[in-house]
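Listed below, chain by chain, are the residues.
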Amino acid sequence: MSEGTMQRAVKRDEHDRRDQREQRARGLRRAVVCAAAVPVMLIAAGCSSDSGSGDKAADDSGTKSSASSSASPSPTVQAAAYKSLPDACKVLGKKTLEDLAPKAKSGKKGSSDDASTRGSCSWSSLDNNGVKGSQFRWLNVSLLRFESDVTRGSGEELAQGYYETQVQDAKSVSGAKSLKSEPVAGVGDQATAVRYDLKKKEGSFKQETVVARVENVVVTLDYNGAGLAGEKTPSADTLNKLAQKAVKEVVAAVAEANDGGSAGTPSSAPSKSASKSPSGSASKAASSSPSKSAAKKS
């Protein structure tokens, strides 16, 4: 073999070995790249899996929260039975007014910012016989209606609380003598009559206060009389009977103003809540005590 031929053979061998080394290097690089890619893929797959479960948990949590919120009931309270009040100056018949205040010309309506919740009317009668003396009578009717309130209670409960307050006020008048209190049967859901004597500079007065509740309305009737300038003092029993007769008419007028009452219940029939304890918050709705003001005006 010539020298030239031998050199060409050596070069071919070197070239072949160089190609083999390059092929092995390329194969090693591909292996390293693939090996590095596997953890990345695993991590990506893991993140994707975690993200999906997190979103699902969040969705489930939101769903449960929404379901819990919708499941919570809204606070409710029983609706008030009566929605309006009659004109306080028209709750008594002509004959009744003649018996209680024979010389009264007309009733004096009290001021009210809302006639559907509050009203009052008073009558003043003076039978003047000159030196032979005079008979004085004063009559006042007050009406107060309570609406139901989710924070304070039903109208009936509020009215019952105010009823108790009115009765207590009638018993607490300063200077009252010979005080007597008794329940009145057959008038609304509950009623109480309070009587006492009151000495004033004009003379000796006989005071009768009857407080009645019918559903969510409280009626307070104040009636007093006196014999002036030597005239005979009126009979307390007579005044009491007249006052109770009048308050029955007022309660009936309240029911009539509301189409006879709720669910056809007669105004004289006790409601289910008549035996419930009074609500302390109801007394806050009252602006004044008719029984106390009656003593001042007499």
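Structural notes, computed from the coordinates. What you are looking at is a predicted structure, and each value in this text was computed from that prediction instead of being measured. (Residues numbered from 1 in each chain as written. Predicted model: local features only at pLDDT ≥ 70, side-chain atom pairs only at ≥ 80, totals over all residues. Heavy atoms only, no water.)

**Some points on the environment of Thr165**
Let me state the cut-off plainly: Each helix is a run of DSSP H or I of at least 4 residues and each strand a run of E of at least 2, with the numbering of both proceeding from the N terminus. Counted as a polar contact is a pair of N or O atoms within 3.5 Å, where, for protein atoms, one must be capable of donating a hydrogen and the other of accepting one, and residues adjacent in sequence contribute only when both atoms are in side chains.
Within the element layout of this structure, Thr165 appears in helix H3 (residues 155–171). In sequence terms Thr165 and Val211 are 46 residues apart; their C-alpha atoms lie 9.9 Å from each other. Here the side chain of Thr165 touches Gly161 through a polar contact of 3.1 Å, landing on its backbone oxygen.

**Brief notes about the packing of aromatic side chains**
Worth spelling out the cut-off: Centres within 6.5 Å are what make two rings of Phe, Tyr or Trp a pair, Trp counting through its six-membered ring; a difference in plane orientation under 30 degrees is then read as stacked, over 60 as edge-to-face, and the rest as tilted. Three labels apply to residues, based on accessible area from a 1.4 Å probe with only protein chains included: buried if under 20% of the type maximum, exposed if over 50%, partly exposed otherwise in between. Counted as over-ring charges are cases with an Arg CZ or a Lys NZ within 6 Å of the ring centre that also lie within 35 degrees of the ring normal.
A complete count under the given rule lists two aromatic pairs for this structure. Plain terms: the ring middles of Phe136 and Phe205 are 6.1 Å apart, the flat faces sit at 80° to each other, and that makes the pair edge-to-face. Of this pair, Phe136 sits in strand S3 (residues 134–145) while Phe205 sits in strand S6 (residues 203–214), and the two are 69 residues apart along the sequence. Comparing Phe136 with Phe205, the two get one shared label, buried. Seen from their ring centres, Phe146 and Tyr162 are 5.6 Å apart, and the 55° between their planes marks the pair as tilted. Highlighted residues: Phe146 in the loop between S3 and H3 and Tyr162 in helix H3, separated in sequence by 16 residues. Judged on exposure class, the residue Phe146 and its partner Tyr162 are both buried. One Lys or Arg, Lys200, reaches over the ring of Phe205 and ends 5.6 Å from the middle of that ring.

**Re the sheet that holds S6**
Heads up, the rule is: Note: two strands are recorded as paired if DSSP finds a minimum of 2 bridges between them. Contact between two residues is taken to exist if any of their heavy atoms lie within 4.5 Å; hydrogens are not considered. Note on method: axes are straight lines fitted to C-alpha atoms, helices fitted across the in-contact stretch only, with angles between N-to-C directions ranging 0 to 180 degrees.
Read from one edge to the other, the open sheet built from seven strands follows the order S1-S2-S3-S7-S6-S5-S4, with strand pairing classed as antiparallel. Of all the strands in the sheet, just strand S1 (108–109) and strand S4 (177–183) have a single pairing partner and so form its edges. Note that S1 and strand S2 (residues 118–128) share two bridges and pair antiparallel. Paired with Lys108 across the two strands is Ser122, which belongs to S2. Strand contacts of H3: S3, S4, strand S5 (190–200), S6 and strand S7 (217–228), with the helix running at about 25° to S5, the strand carrying the most contacts. On the sheet, helix H4 (residues 236–257) packs against S3, S4, S5, S6 and S7 and is oriented at approximately 30° with respect to S6.

**A closer look at unusual backbone geometry**
Working note: non-glycine residues mostly have negative phi, and peptide bonds are mostly trans. One non-glycine residue, Ser178, adopts positive backbone phi at about 55°. Secondary-structure assignment places Ser178 in strand S4. Located in the positive-phi region is Glu215, a residue other than glycine, with phi close to 55°.

**Some remarks on the nonpolar core**
Soluble globular proteins tend to pack their nonpolar side chains together in the buried interior. As a reminder, the rule being used: Here the nonpolar core consists of buried residues drawn from Ala, Val, Leu, Ile, Met, Phe, Trp, Tyr and Cys, with membership extended through side-chain atoms lying within 4.5 Å.
Of all hydrophobic cores here, the largest spans 34 residues; its most connected members are Leu92, Trp123, Leu139, Val141, Leu143, Leu221 and Tyr223. Here the element with the most residues in this core is H4; it accounts for ten residues. Apart from the residues within four sequence positions on either side, Leu92 is in contact with Leu97, Trp123, Leu139, Val141, Ala246, Glu249 and Val250. Grouped together as the second largest cluster of nonpolar side chains are nine residues, Tyr163, Val167, Val211 and Val218 included.

**Focus on H4**
So the rule is basically this: An expected span of 1.5 Å times one less than the residue number is assigned to each helix.
An ideal rise of 1.5 Å per residue puts 32 Å on 22 residues; H4 measures up with 32 Å between its terminal C-alpha atoms. Its buried side turned inward, H4 meets helix H2 (94–100), S3, S4, S5, S6 and S7. Two or three places before Asp237, at the opening of H4, Ser235 has a side-chain oxygen 3.3 Å from that residue's backbone nitrogen.

**Here's the deal with the pairing of S5**
Burial runs high along S5: nine of the eleven residues are buried. With eleven bridges connecting them, S5 and S6 associate as antiparallel partners. In the strand pairing of S6, Tyr196 is matched with Gln207. Between the end of S5 and the start of S6, which pair antiparallel, lie two residues.

By themselves, these are just geometric observations and shouldn't be taken as functional.
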